[in-house]
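Residue strings, one per chain:
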Amino acid sequence: MSFHSFIPPHRTLMGPGPSDINPRVLSALARPTIGHLDPLFVAMMDELKQLLQYAFQTENTFTIAVSAPGSAGMEACFVNLLEPGDKVIVCINGVFGTRMRENVVRCGAEAIVVEDDWGRAVTPEKLETALKAHPDAKFVAFVHAETSTGALSDAKTLCALAKQHGCLTIVDAVTSLGGVELRVDDWGIDAIYSGSQKCLSCVPGLSPVSFSPSAVNIIQNRKTPIQSWFLDQSLVMGYWSGEGKRSYHHTAPVNSLYALHESLVILHNEGLENSWARHQQQHQQLANGFAELELDFIVPKAERLPQLNAVKIPQGIDDAKVRRYLLNHYNLEIGAGLGDFAGKTWRVGLMGYAARNENVALCLAALKDALYRN
């Protein structure tokens, strides 16, 4: 048996992630590898922290990139903050809210579930009712942008309610960071995690996270050990601190961090609010085209996420056949439905570098062709 180099085709990625990667980011990935304790790399890390603070709109000192995907960022937030017996109100309106609940349970904490229909935003009134019924709750956890359905929740209002009742917040921003308005400090978010492969259009495998001073205080004053050694953020603080000599925790993914740095430089140069506006503009173009194809969104307009567009599959149309046709004939990837929506919806991503005119035009033309031939 002989083996050969793997040369993937050039796809247009318009699914739920990963997204198309800017050529500048791919170029950064190929730069020479240096040591993760090299003074030049450490200086780049300091810039990376500042760029992440800009993207999150926070002055939190402990803002870093976890050396693993967004799911690890999620787990890092829960295992560092929760202790056995803690009560956590978890808002669930899709797949990723259920993963939050699973993390709560695995930490030995108690999950109080606030449930909304899939395809709808989290209802603030339901959260407020749960907060009043459970005055001993310590945390509120919710997904800002639910990737499984394309629903966008009102993070500002949800965080304000949590604060009124003395709770810290844990927020999933995997699909929202860089794509829609997100203001960690102004909204009072205490722990937040995202992913490199969504609206930042970087390679998969990194999870930006940020912890407020209140969250850091909890991490540093726990009564029980953090159940994960690798994700124990008290051990990582010395590596990302930026103060004097860096302590060794693990070998950082050097080239991936080059790529994340470059993607954040691109975001900074464009301007955060300009990026939010671009995603909305491209979404509107896509929505107009969907209307012409008679494809209906599953999320009401006021709760719709511009960078993740979930539409109903028309009656009599073969989900897998259409997606396979797009991949084989147009090198175009769109996403299938998850959970309750499996086989019922398509998820079309407009994330980061993918949110541009030519991608929208290709997607609409390819879908029109695929639907005609189905």
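Sequence order as written defines residue numbering, which begins from 1 separately in each chain. pLDDT decides what is reported in this predicted model: residues at 70 or higher carry local features, side-chain atom pairs at 80 or more are listed and counted, and totals for whole chains, interfaces and linings draw on all residues regardless. By convention in this description, side-chain values take in all heavy atoms of the structure and omit both hydrogens and water.

*Asks:* Explanation requested: helix α12 (residues 319–330) in the structure shown.
*Replies:* Because an α-helix completes one turn every 3.6 residues, residues spaced three or four positions apart along the sequence face the same direction. Comment: elements are numbered from the N terminus, with helices defined as DSSP H or I runs of at least four residues and strands as E runs of at least two. The span one expects for a helix is its residue count, reduced by one, times 1.5 Å. Between its first and last C-alpha atoms α12 spans 16 Å; for 12 residues at 1.5 Å apiece the expected length is 16 Å, and the two agree. Accessible area is worked out with a 1.4 Å probe on protein chains only. A residue is then buried under 20% of its type maximum, exposed over 50%, and partly exposed in between. Regarding α12, the residues found buried are Asp319, Val322, Tyr325 and Leu326. An end-on view of α12 places all buried positions within 135 degrees of arc, on one side of the element. Packed against the buried residues of α12 are β12 (332–333), β13 (335–336), β14 (345–349) and α13 (357–373). Capping of α12 at its N-terminal end is provided by aspartate 318; its side-chain oxygen lies 3.2 Å from the backbone amide nitrogen of alanine 320. One or two residues past the end of α12 sits asparagine 331, with phi positive at roughly 50 degrees. Note: the arc covers the axis-to-C-beta directions of the helix. The contact criterion used is simple: two residues touch if any of their non-hydrogen atoms lie within 4.5 Å. Nitrogen and oxygen atoms within 3.5 Å of one another constitute a polar contact, given that in protein one can donate a hydrogen and the other can accept it, and given that sequence-neighbouring residues count only through two side-chain atoms.

*Asks:* Looking at this model, I keep getting lost on helix α4 (residues 95–106). Mind explaining?
*Replies:* Counted at 1.5 Å a residue, the expected span for α4 with its 12 residues is 16 Å, and the 17 Å between its end C-alpha atoms agrees. Within the span of α4, buried status applies to Val95, Phe96, Gly97, Met100, Asn103 and Val104. Downstream of α4 by one or two residues, glycine 108 has phi in the positive range, about 80 degrees.

*Asks:* What is the right way to read the sheet that holds strand β8 (residues 168–172) from this model?
*Replies:* Hydrogen bonds between backbone atoms are what pair the strands of a sheet, whose relative direction is either parallel or antiparallel. As summarised here, the arrangement of the 7 strands in space is β2-β10-β9-β8-β5-β3-β4, forming an open sheet in which the pairing is mixed. Each of the sheet's edge strands pairs with one partner strand only, and the pair in question is β2 (62–66) and β4 (110–115). Along the sheet, successive strands turn relative to each other by an average axial angle of 15 degrees, direction set aside. Taken together, the 3 bridges between β8 and strand β9 (residues 191–193) define a ladder with parallel strand orientation. Its bridge partner lying in β9, isoleucine 170 is registered against alanine 191. In this description, strands pair whenever DSSP reports at least two bridges between them. Only C-alpha atoms enter the line fits that serve as axes; for helices the fit covers just the stretch in contact. Angles between N-to-C directions range over 0 to 180 degrees.

*Asks:* Explain the packing of aromatic side chains to me, please; I cannot follow it from the model alone.
*Replies:* Aromatic ring pairs are reported here in terms of the distance separating the ring centres and the angle at which the planes meet. Aromatic rings from Phe, Tyr and Trp, with only the six-membered ring used for Trp, were paired whenever their centres fell within 6.5 Å, and each pair was classed as stacked if the ring planes differed by under 30 degrees, edge-to-face if by over 60, and tilted otherwise. Tallying each qualifying case throughout the model produces 5 aromatic pairs. Centre to centre, the rings of phenylalanine 62 and phenylalanine 211 are 5.4 Å apart; their planes meet at 20 degrees, and the pair counts as stacked. Of this pair, phenylalanine 62 sits in strand β2 while phenylalanine 211 is found in strand β10 (residues 207–211), placing the two residues 149 residues apart along the sequence. Owing to a relative accessible area of 8%, phenylalanine 62 belongs among the buried residues under this scheme. Against the face of phenylalanine 297 rests arginine 304, its NZ or CZ located 4.0 Å from the ring centre. Sitting over a ring, as applied to charges here, requires NZ of Lys or CZ of Arg to be within 6 Å of the ring centre and within 35 degrees of the ring normal.

*Asks:* Looking at this model, I keep getting lost on the nonpolar core. Mind explaining?
*Replies:* Take the buried residues of types Ala, Val, Leu, Ile, Met, Phe, Trp, Tyr and Cys, join any two whose side-chain atoms come within 4.5 Å, and each joined set is a nonpolar core. Counting 97 residues, the largest nonpolar core has Leu82, Ile170, Phe211 and Leu257 as the members making the most contacts within it. Not counting chain neighbours up to four residues away, the residues in contact with leucine 257 comprise Phe41, Met44, Leu48, Ala65, Leu206, Trp240 and Ala252. Residues Leu293, Leu326, Val360 and Ala366 belong to the second largest nonpolar core, which totals 26 residues.

*Asks:* Explain the side chain of histidine 250 to me, please; I cannot follow it from the model alone.
*Replies:* Position of histidine 250 relative to the elements: it lies in the loop between α9 (233–240) and α10 (254–270). At 2.8 Å, the side chain of histidine 250 forms a polar contact with the side chain of serine 67. Discounting residues that sit within four places of it in the chain, histidine 250 has contacts with His36, Ser67 and Phe230.

*Asks:* Mind showing me how you'd approach a nonpolar patch on the surface here?
*Replies:* Where nonpolar side chains cluster on the molecular surface, the patch consists of Trp229, Phe230 and Leu235 and spans about 300 Å² of accessible area. Among the structural elements, leucine 235 can be located in helix α9. A residue counts toward a patch only above 30% relative accessible area and without a salt bridge, and it is joined to like-charged neighbours within 9 Å or, for Val, Leu, Ile, Met, Phe, Trp and Tyr, to nonpolar neighbours within 5 Å. Per-residue and other accessible areas were derived by the Shrake-Rupley procedure at a 1.4 Å probe size, with only the shown protein chains allowed to occlude residues. We define a salt bridge as a contact between a side-chain nitrogen of Lys or Arg and a carboxyl oxygen of Asp or Glu at a distance within 4 Å.

*Asks:* Would you take a moment to explain the pairing of β4 for this structure?
*Replies:* Here strand β3 (residues 87–92) pairs with β4 via 6 bridges, running parallel. Paired with valine 88 across the two strands is alanine 111, which belongs to β4. Convention used here: a crossover is right-handed provided that the path from the first strand, over the helix, to the second strand proceeds clockwise when the strands point away from the viewer. One crossover worth recording links β3 to the parallel β4 by way of α4, and it is right-handed.

*Asks:* Would you mind going over the environment of valine 360 with me for this structure?
*Replies:* By secondary structure assignment, the location of valine 360 is in helix α13. The exposure class of valine 360 is buried, given its relative accessible area of 2%. Counting along the chain gives 191 residues from valine 360 to threonine 169, while the straight-line C-alpha distance between them is 35 Å.

*Asks:* Help me understand the sheet that holds β14, please; the structure alone is not making it clear to me.
*Replies:* As summarised here, the arrangement of the 3 strands in space is β11-β14-β13, forming an open sheet in which the pairing is antiparallel. The open sheet has two edge strands with one neighbour each: β11 (308–312) and β13. Both β13 and β14 contribute to a ladder of 2 bridges, which runs antiparallel. Residue pairing for β14: glycine 335 is matched across the bridge by arginine 347. Here helix α11 (residues 272–292) sits on the sheet in contact with β11 and β14, set at roughly 10 degrees to β11.

*Asks:* Just to check I follow, could you spell out unusual backbone geometry for this structure?
*Replies:* Trans peptide bonds make up the majority, and among non-glycine residues the majority have a negative phi. Between glycine 17 and proline 18 the backbone carries a cis peptide bond, its omega angle lying at 5 degrees. Here proline 18 shows up in the loop between β1 (12–13) and α1 (23–29). Positive phi is not limited to glycine here, since glutamate 294 has a value of about 60 degrees. Within the secondary structure, glutamate 294 sits in the loop between α11 and β11. Positive phi, close to 50 degrees, is recorded for asparagine 331, a residue that is not glycine. On the secondary structure map, asparagine 331 appears in the loop between α12 and β12.

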